[in-house]
Amino acid sequence: TECYILTFQTTSQTFPACMDLLKDILWHPAFPESEVSQFRTQSMTEIASQHSKPTAIAALEMGRHFNKFSKEDPRYAGTIEESLADYKAVTLPQARAFYKEFYGADQAEFAFVCDFDAPALKTQITKLFGDWKTPNGYRRLVTQYPSTVAGSKKYETHDKANECGKRRTEFWKY
């Protein structure tokens, strides 16, 4: 589940203007090429660094062992190489289209810690975000957990002296 938390600090006098700004940011994201490029580079660098991290390798490989989803499924656990290729292949128009197709406020949750007029705030939120719906709607992915054969794998990370072990126990039965 992806979750994005947006925070801001303001005074009660400028709070309504901050909410208007939040609407503008969410409804009309800029997606500047330079920022997208920087994000892609940072993400790919972090993913590539997993090749030599025992803990990352163990988590990835265990996820892949128990993952029985096809590559087209959003729950699919790809290899490091597949993740790098995906980041490299995505275009800015694709990112914009994805945002338009999958983002909206129909599943949003708001929490405020401040001195505010609750009915007025609810009215403002409804006015600002009430019409911003996810075009495809939200559908929970139902996951069936198939039986998986236990296994043991060993991966060499010659430049790392540390060792890492992962274990998973399944308690559900269908």
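Within any chain, residue numbers begin from 1 and follow the written order of that chain's sequence. Two thresholds apply to this predicted model, a pLDDT of at least 70 for residue-level local features and 80 or more for giving and counting side-chain atom pairs, whereas whole-chain, interface and lining totals are computed over all residues. Hydrogens and water are ignored here; the side-chain numbers use all heavy atoms of the structure.

**Some thoughts on the overall build of the chain**
Stated formally: Here a helix means four or more residues in a row that DSSP labels H or I, a strand means two or more in a row labelled E, and each is numbered from the N terminus. Computation of the radius of gyration draws on C-alpha atoms alone. For the globule rule, the value is 2.2 Å times the number of residues to the power 0.38. Burial status follows relative accessibility: with a 1.4 Å probe on protein chains alone, a residue under 20% of its type maximum counts as buried, one over 50% as exposed, and anything between as partly exposed. We call two residues in contact whenever any of their non-hydrogen atoms come within 4.5 Å of each other. Surface exposure here means Shrake-Rupley accessible area, sampled with a 1.4 Å probe, where a residue is shielded only by the protein chains that are shown. Neither His nor the chain termini are counted; the positive set is Lys and Arg, and the negative set is Asp and Glu. To locate a charge, take atom NZ for lysine, CZ for arginine, CG for aspartate or CD for glutamate.
If you tally the helices and strands in the chain, you get six helices and zero strands. For the chain, whose C-alpha radius of gyration is 21 Å, the value lies well above the compact-globule estimate of 16 Å for 174 residues. Dimensions along the principal axes, computed over C-alpha positions, put the chain at roughly 60 × 45 × 30 Å. Across the 174 residues in the chain, those meeting the buried criterion constitute 18%. Of the contacts made within the chain by residues no fewer than 6 positions apart, 76% connect residues no fewer than 24 positions apart. When the accessible area of the chain is evaluated, it comes to approximately 13,900 Å², of which 55% is carbon and sulfur surface. Here the chain carries 22 positive and 22 negative side-chain charges, and the mean point of each set is 5 Å from the other.

**Comments concerning the nonpolar core**
The tendency in soluble globular proteins is for nonpolar side chains to be buried side by side. Inclusion rule: Here, nonpolar core means buried Ala, Val, Leu, Ile, Met, Phe, Trp, Tyr and Cys residues that are tied together by side-chain atoms lying within 4.5 Å of each other.
Core analysis: the largest hydrophobic core is formed by 11 residues, namely Phe15, Met19, Leu22, Leu26, Tyr99, Ala105, Leu121, Ile125, Leu128, Phe129 and Trp132. Elements represented by at least two residues in this core include exactly helix H1 (15–27) and helix H6 (118–129). Once residues lying within four places of it in the same chain are set aside, the contact partners of Leu26 are Leu6, Tyr99, Phe129 and Trp132. By size, the runner-up hydrophobic cluster in this structure holds five residues, among which are Met44, Leu60, Ile80 and Leu84.

**Digging into the environment of Arg40**
Take Arg40: it is sitting in helix H2 (residues 33–49). For the pair Arg40 and Trp27, spaced 13 residues apart in sequence, the C-alpha separation works out to 22 Å. When residues no more than four places from it in sequence are discounted, the contact partners of Arg40 are Tyr87, Lys88 and Val90.

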